[in-house]
Amino acid sequence: MYGDCEAISSMGGNMVVSSETLFTSTFQNPNFTYLPLEPLPPMIPKEENGSLLRGKEEMKSGSESELLETTKQPLKKKRYHRHTAHQIQELEAVFKECPHPDDKQRMKLSQELGLKPRQVKFWFQNRRTQMKAQQDRSENVILRAENESLKSEFYRLQAELSKLVCPNCGGPPVPGGVSFDELRIENARLGEELERVCAIASRYIGRPIQTMGALMPPSLELDMNIYPRQFLEPMPPTLSETPSYPDNNNLILMEEEKTIAMELAMSATDELAKMCRTNEPLWVRNNETGKEVLNLDEHSRMFHWPLNLKQRSSEFRTEASRDSSVVIMNSITLVDAFVDANKWMELFPSIVARAKCVQVISQGVSGTNGCLQLMYAELHVLSPLVPTREAYFLRYCQQQNVEDETYWAIVDFPLDGFHNSLQTSFPLYKRRPSGCLIQDMPNGYSRVTWVEHAEIEEKPIHQIFSHFVHSGMAFGANRWLAVLERQCERIASLMATNIPDIGVIPSPEARKNLMRLSQRMIRTFCVNISSCSGQVWTAVPDSSDDTVRITTRKVSEAGQPNGLILCAVSTTWLPYPHHHVFDLLRDERRRAQLEVLSNGNALHEVAHIANGSHPGNCISLLRINVASNSSQHVDLMLQESCTDKSGSLVVYSTVDVDSVQLAMSGEDPSCIPLLPLGFFITPMELMNDGGCKDEANGHNITTGSLLTVGLQVLASTIPSAKINLSSIAAINNHLCTTVQQISSALSSNCIGYCNDGGNGKEK
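The structure reproduced in this document is the subject of the present report. Predicted model only: the values in this text are computed from it and were never measured.

1. Concerning the overall build of the protein chain
Next up, step 1: For the protein chain, the helix and strand inventory stands at 18 helices and 22 strands.
Next up, step 2: Looking at the protein chain as a whole, 48% of its 763 residues are labelled buried.
Next up, step 3: At a minimum sequence separation of 6, the contacts of the protein chain that also span at least 24 residues come to 71%.
Next up, step 4: As displayed, the protein chain offers around 38100 Å² of accessible surface, 52% of which is attributable to carbon and sulfur atoms.

2. Concerning the pattern of salt bridges
Next up, step 1: Counting across every chain of the model gives 24 salt bridges.
Next up, step 2: Salt-bridge contacts for Lys-132 lead to Asp-136; the nearest nitrogen and oxygen are separated by 3.3 Å. Of this pair, Lys-132 and Asp-136 both sit in helix H5 (residues 117-163), separated by 4 residues, roughly a single helical turn.
Next up, step 3: Residue classification places Lys-132 among the partly exposed positions, given a relative accessible area of 42%.
Next up, step 4: Taking the shortest distance from any N to any O, the salt bridge between Glu-292 and Arg-285 comes out at 3.5 Å.

3. Some details on the environment of Ser-716
Next up, step 1: Along the chain, the position of Ser-716 falls in strand E22 (residues 703-716).
Next up, step 2: Here Ser-716 falls in the buried class, since its relative accessible area comes to 17%.
Next up, step 3: Look past the residues within four positions of Ser-716 in its chain and what remains in contact with it is Asn-562, Gly-563, Leu-564 and Ala-721.
Next up, step 4: From its side chain, Ser-716 meets the backbone nitrogen of Ile-718 in a polar contact 3.1 Å long.

4. Some remarks on the nonpolar core
Next up, step 1: Among the nonpolar cores identified, the biggest contains 47 residues, and Trp-344, Phe-348, Trp-450 and Leu-484 are the most heavily contacted of them.
Next up, step 2: If one sorts the elements of this core by residue count, helix H13 (residues 477-495) sits on top with 6 residues.
Next up, step 3: Excluding anything up to four places from it in sequence, Leu-484 contacts Val-327, Leu-334, Leu-347, Phe-348, Val-448 and Trp-450.

5. Notes on the pairing of strand E7 (residues 405-414)
Next up, step 1: Within E7, 8 of the 10 residues are buried, which leaves it mostly tucked inside the rest of the structure.
Next up, step 2: In this structure, strand E6 (residues 389-402) lies alongside E7, joined through 10 bridges in antiparallel fashion. Bridging across to E7, Asn-401 finds its partner in Thr-406.
Next up, step 3: Where E6 hands over to E7, the hairpin turn is made up of 2 residues, of which Glu-403 adopts a positive phi near 55°.
Next up, step 4: Sheet topology places E7 next to strand E9 (residues 434-440); 5 bridges connect them, and they run antiparallel. In the strand pairing of E9, Val-411 is matched with Gly-435.

6. Details of the packing of aromatic side chains
Next up, step 1: For the structure shown, the criterion picks out 13 aromatic pairs.
Next up, step 2: Ring plane angle 10° and centroid distance 6.2 Å describe the contact between Trp-344 and Trp-480, whose orientation is recorded as stacked. Of the two residues, Trp-344 is situated in helix H11 (residues 341-347) and Trp-480 in helix H13; the sequence distance between them amounts to 136 residues. An identical accessibility class is assigned to Trp-344 and Trp-480; each is buried.
Next up, step 3: Relative to Tyr-392, the ring of Tyr-376 lies with its centre 4.9 Å away and its plane at 45°, an arrangement referred to as tilted. With Tyr-376 in strand E5 (residues 371-379) and Tyr-392 in strand E6, the pair connects residues that are 16 residues apart, well separated along the chain. Tyr-392 carries the same exposure label as Tyr-376, and that label is buried.
Next up, step 4: An aromatic cluster of at least three residues, connected via ring pairs, comprises Phe-338, Trp-344, Phe-348, Phe-393, Trp-450 and Trp-480.
Next up, step 5: Across the ring face of Phe-316, the terminal group of Lys-430 is positioned such that the distance to the ring centre comes to 5.0 Å.
Next up, step 6: If you follow Arg-431 out to its NZ or CZ, it ends over the ring of Phe-393, 5.6 Å from the centre.

7. Observations concerning unusual backbone geometry
Next up, step 1: The peptide bond linking Glu-280 to Pro-281 adopts the cis configuration, its omega dihedral lying at 5°.
Next up, step 2: Positive phi, close to 65°, is recorded for Asn-443, a residue that is not glycine.
Next up, step 3: Using a relative accessible area of 73% as the deciding quantity, one classes Asn-443 as exposed.

8. A closer look at a nonpolar patch on the surface
Next up, step 1: Judged by side-chain polarity, Ile-328, Met-441 and Tyr-445 come together as a nonpolar surface patch covering roughly 220 Å² of accessible area.
Next up, step 2: Take Met-441: it is sitting in the loop between E9 and strand E10 (446-457).
Next up, step 3: When its relative accessible area of 33% is taken as the criterion, Met-441 is described as partly exposed.

9. Remarks on helix H18 (residues 725-749)
Next up, step 1: Along its 25 residues, H18 runs 36 Å from first to last C-alpha, staying within 8% of the 36 Å computed at 1.5 Å per residue.
Next up, step 2: Within the sequence span of H18, burial applies to Ile-728, Ile-731, Asn-732, Leu-735, Thr-738, Val-739, Ile-742, Ala-745, Leu-746 and Asn-749.

10. A short note on the environment of Val-327
Next up, step 1: Turning to its location among the elements, Val-327 is positioned in strand E3 (residues 316-327).
Next up, step 2: Residue classification places Val-327 among the buried positions, given a relative accessible area of 1%.

11. Concerning the state of the cysteines
Next up, step 1: All told, the structure shown has 0 disulfides when counted by the stated rule.
Next up, step 2: No disulfide involves Cys-642; its sulfur sits 8.0 Å from the nearest other cysteine sulfur, which is in Cys-526.
Next up, step 3: Overall, the relative accessible area of 6% leaves Cys-642 in the buried class.

Thresholds applied
Residues numbered from 1 in each chain as written. Predicted model: local features only at pLDDT ≥ 70, side-chain atom pairs only at ≥ 80, totals over all residues. Heavy atoms only, no water. Helix = DSSP H or I, 4+ residues; strand = E, 2+ residues; numbered from the N terminus. Buried < 20%, exposed > 50% of the residue type's maximum accessible area, 1.4 Å probe, protein only. Contact = heavy atoms within 4.5 Å. Areas by Shrake-Rupley, 256 points an atom, 1.4 Å probe, with all protein chains shown as cover. Salt bridge = Lys/Arg side-chain N within 4 Å of Asp/Glu carboxyl O. Polar contact = N/O pair within 3.5 Å; in protein donor to acceptor, adjacent residues only side chain to side chain. Core = buried A, V, L, I, M, F, W, Y, C linked by side-chain atoms within 4.5 Å. Pairing = 2+ DSSP bridges. Phe/Tyr/Trp six-rings, centres within 6.5 Å; stacked < 30°, edge-to-face > 60°. Lys NZ or Arg CZ within 6 Å of the ring centre and 35° of its normal. Patch = residues over 30% accessible without salt bridge, like charges linked within 9 Å, V, L, I, M, F, W, Y side chains within 5 Å. Expected span 1.5 Å × (residues − 1). Disulfide = S-S within 2.5 Å.

Structure representation (structure tokens):
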């Protein structure tokens, strides 16, 4: 598959990959996309009494001299020194008694253990740094939990105050006859006290804490007063640095409600099983599209929901779909992923934006069989043009035996029927009994039958996504199951130990770290380009189809570059199959056709990890080549491409060599800053009812795709900075140029598409 590639056999074991290896190991592979991005801010280690920084500089100078010697003598291999278990044990024993040994103690240790005094000195410095980092993380977790608790209490009290009404005038009451002057004085005192507490907490957490003024919905800091057009629909508040979940703290089921919930769980499980196993007349196949359609009249006759839910009206649209597939994962692992909100988010990063277990109503047996949970979730499409769907629902998990067959049932059913204090979302989304049946198969596989059934409030959607959403392709069972099938292959690749990788991957642990780093990159990209978490997007009127949206985001946490991030997203209709677009964007041999993405630099793959059976499902580490006489800093690019029948993703981010070495050495890669960019390609079928037909090269096109381009740039390292119009115009022009070059490249490479009947063969 990679004729020019050779695995570097000398990189075995747990060896740390050197900068020299990353710079010299190259081979060709058609997997690339590249977008110029400002260099990420360097990772500066903390200084401990001045000694740690000096030690780092000595190590750096020593590494540079060793690199020069290695360059002069290419045949001489660099020797690596590791401490033995006995040496580490003795050093740990001394560290417990004296974390700061003096020169005499270090000299004595070096003689006893056979180490150089400088090695002993560096070991103690690193151990003190590690100990301090562990203490900081522990304090951070405690303070973060206390902060979230205080925020929740504040929002709850604020909501209670907003409900109070004066019986005489209908306005806000003045409790106890207190004058407004006294209230203002008390308010000012409390404000000063709050700022003082936040200042103290900020020193422990390491980042600023928002005060009461910052808790109010801020405006989007874009100097765009000359732009009159905004979203037609009201949008949620702006995303804060640490987005909180909706305020429904009183949404806790009492004991009498738990009994009702368990009865509903049994009914919902029975309904799900029948919907998965019953064909006509419940499910009727459409001869034109080949898809199954739910017969609503037959469904109402078969299932009498115990609660008196509101009847369907013209304001609600019913979405129902069913699909079945075989995935490479056993049922126990699948069930464990569904009952854990964090694992569920990681399993469906392109569908589930956020998820949370609000209350565990029943633990069940071993935490799975009979488990009943109250869940909150945000479901999204990777575009700000499609509103996020929010819902509270109950999730029940049960193992059943039917007709000598054992399977697991995971069913979600609505909560609003018997809990009146539920805060509604926008648009209103009711999740009717939905879920999947999981049946074990030989060799660790499982057969999954999925049913999605919901009622959604009928609201206008941007015309470019109207067919995608209304046809059920956006949130239907087909998309859930396609993503699940691909993600199961990815998890199997992560856990496998017998898959040969290509390039400078020294150990299985380094391989896992790179895959985890890439998974975080994918998730960050998906969340940042959608309308989840209350992100406010502003329309740019210069776009021809009104599809360009921009937003800003303040970042002060680890994992992303700190400062003000400018994000722009554009969606374009292309009259080409989505796999044609996917192959173009990941193929480095076509880089010359996309100058705006290559920036004149060549890319060479130095590491490759296969993520599934499709050759496009892979993770690549690419070296950005610059001229040999150039003074530019050499960076690497982490890229992941994945595709299935529901769509394709190509996401990438530049990383420095030191960060890659950190990940490959087995360290935690969560602190590596990533600012991902990429593409989301959605397959589409053209409708025949006017306005959606297109022609290319004189032939009618029956299939096409939607290309969503997401760009993120670090506009300023100061979070409080503001964006000017020149920055907005620059990123908008870059988006337009990118789309134009991609369209031109597809037009020149897909001339024979129509003549081949849509099989994707090129001439």
